[in-house]
Amino acid sequence: MATTNEHLPEEIIVQILYRLPVKPLIRFSCVSKRWSSIISDPQFAKSHFKLASERKTLSCRLLLSTPSQFKSLDMQTLSFVDDSSVRKLACPFKQPGRAVKTLGSCNGMVFVALDSCNGYYIWNPSTGLFLKLPNPGFASIGATTLSLSIRAREYDPSKTIAGLHHYGFGYVSASDDYKVVVAAEFLNSTMHLEIFS
């Protein structure tokens, strides 16, 4: 048994943590500041995901979404009747009265928008962590702006979105980075494109 002066080398601790499921890792981040630092390190997350993928220990879950809630279904049971296979997910950025729309997913990360095009987020439902993306500039322009512009006789087709939004979300292994593409078509048939990395 180890005394207070004896510790496991950090490399051993990291190797043990790599092999744990995500939920216990989140709990264990409270053990110490050092463990929290290890577990929250993006490089640790990449290595943990890679090892779990190689060992095929990732649990396969299907994300079910409605404008008001998210649920996760265990793919091993595939039973909508059995409540134990369905887990309700807390969406940390959900705001009352605002719908959440799923736009894409990749490697367990989910790309979502509030009210279809106002507020874009990348969210990890397993950890609850999320990143709010900058407003692409055209997100808040839409039908309301069109009706106001027409009434004010300031209608400009180059500044009014036709309502067609295009989205993409994926992982680029060459740069080890996630990419988000958001595009909108304006009434004058021009396209505005934003890429987030």
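As the structure is a computational prediction, the values presented were derived from the model and not from experiment. (Residues numbered from 1 in each chain as written. Predicted model: local features only at pLDDT ≥ 70, side-chain atom pairs only at ≥ 80, totals over all residues. Heavy atoms only, no water.)

Draft legend 1. Inspection of the pairing of strand β10 (residues 191–196) at higher detail. Sheet topology note: the strand β9 (residues 177–186)/β10 ladder contains 6 bridges and is antiparallel. Bridge assignment links Glu185 to a residue of β10, and that residue is Met191. The loop that links β9 with its antiparallel partner β10 comprises 4 residues; one of these, Ser189, has a positive phi angle of about 70 degrees. (Pairing = 2+ DSSP bridges. Helix = DSSP H or I, 4+ residues; strand = E, 2+ residues; numbered from the N terminus.)

Draft legend 2. Representation of the sheet that holds strand β6 (residues 120–123) within the structure. In space, the 4 strands of this open sheet follow the order β4-β5-β6-β7, with antiparallel pairing throughout. Whereas interior strands pair on both sides, the edge strands pair on one side only; in this sheet they are β4 (100–106) and β7 (130–132). Between one strand axis and the next, the sheet turns by 20 degrees as a mean value, whatever way the strands run. Sheet topology places β4 next to strand β5 (residues 109–114); 6 bridges connect them, and they run antiparallel. The partner of Ser105 across the bridge, within β5, is Val110. (Axes fitted to C-alpha atoms, helices over the stretch in contact; angles between N-to-C directions.)

Draft legend 3. Just the sheet that holds strand β2 (residues 70–74), in detail. Strand order across the open sheet formed by 3 strands is β1-β2-β3, with antiparallel pairing between neighbours. Only two strands of the sheet have a single neighbouring strand rather than two, namely β1 (61–65) and β3 (86–89). The mean inter-strand angle of the sheet, taken between neighbouring strand axes irrespective of direction, is 25 degrees. Sheet topology places β1 next to β2; 5 bridges connect them, and they run antiparallel. Bridge assignment links Leu62 to a residue of β2, and that residue is Leu73.

Draft legend 4. Summary view of the packing of aromatic side chains. As enumerated under the stated definition, the model contains 13 aromatic pairs in all. Ring geometry for Tyr18 against Phe44: centres 5.0 Å apart, planes inclined by 15 degrees, an arrangement best described as stacked. Of the two residues, Tyr18 sits in helix α1 (residues 10–18) while Phe44 sits in helix α4 (residues 42–54), which places them 26 residues apart along the sequence. With a relative accessible area of 17%, Tyr18 lands in the buried category. (Phe/Tyr/Trp six-rings, centres within 6.5 Å; stacked < 30°, edge-to-face > 60°. Buried < 20%, exposed > 50% of the residue type's maximum accessible area, 1.4 Å probe, protein only.)

Draft legend 5. Layout of the nonpolar core. The biggest cluster of nonpolar side chains holds 11 residues, and these are Leu103, Cys106, Phe111, Ala113, Tyr120, Ile122, Leu133, Phe169, Val180, Val182 and Phe196. Listed in part, the 10 residues of the second largest apolar core include Phe70, Leu89, Val112 and Tyr121. (Core = buried A, V, L, I, M, F, W, Y, C linked by side-chain atoms within 4.5 Å.)

Draft legend 6. Local environment of the pairing of β5. For β5, the tally of buried residues reaches 5 of 6 residues, placing the bulk of the element in the interior. Counted along the chain from β4 to the antiparallel partner β5, the turn is 2 residues long, and its residue Asn107 has a positive phi close to 50 degrees.

Draft legend 7. Representation of a nonpolar patch on the surface in the model. Side chains of Leu8, Ile12 and Ile16 sit close together on the surface and give an oily, nonpolar patch of about 270 Å² of accessible area. With respect to the helices and strands, the residue Leu8 is situated in the segment before α1. Taking the relative accessible area as the measure of exposure, Leu8 reaches 52% and is therefore exposed. (Patch = residues over 30% accessible without salt bridge, like charges linked within 9 Å, V, L, I, M, F, W, Y side chains within 5 Å. Areas by Shrake-Rupley, 256 points an atom, 1.4 Å probe, with all protein chains shown as cover. Salt bridge = Lys/Arg side-chain N within 4 Å of Asp/Glu carboxyl O.)

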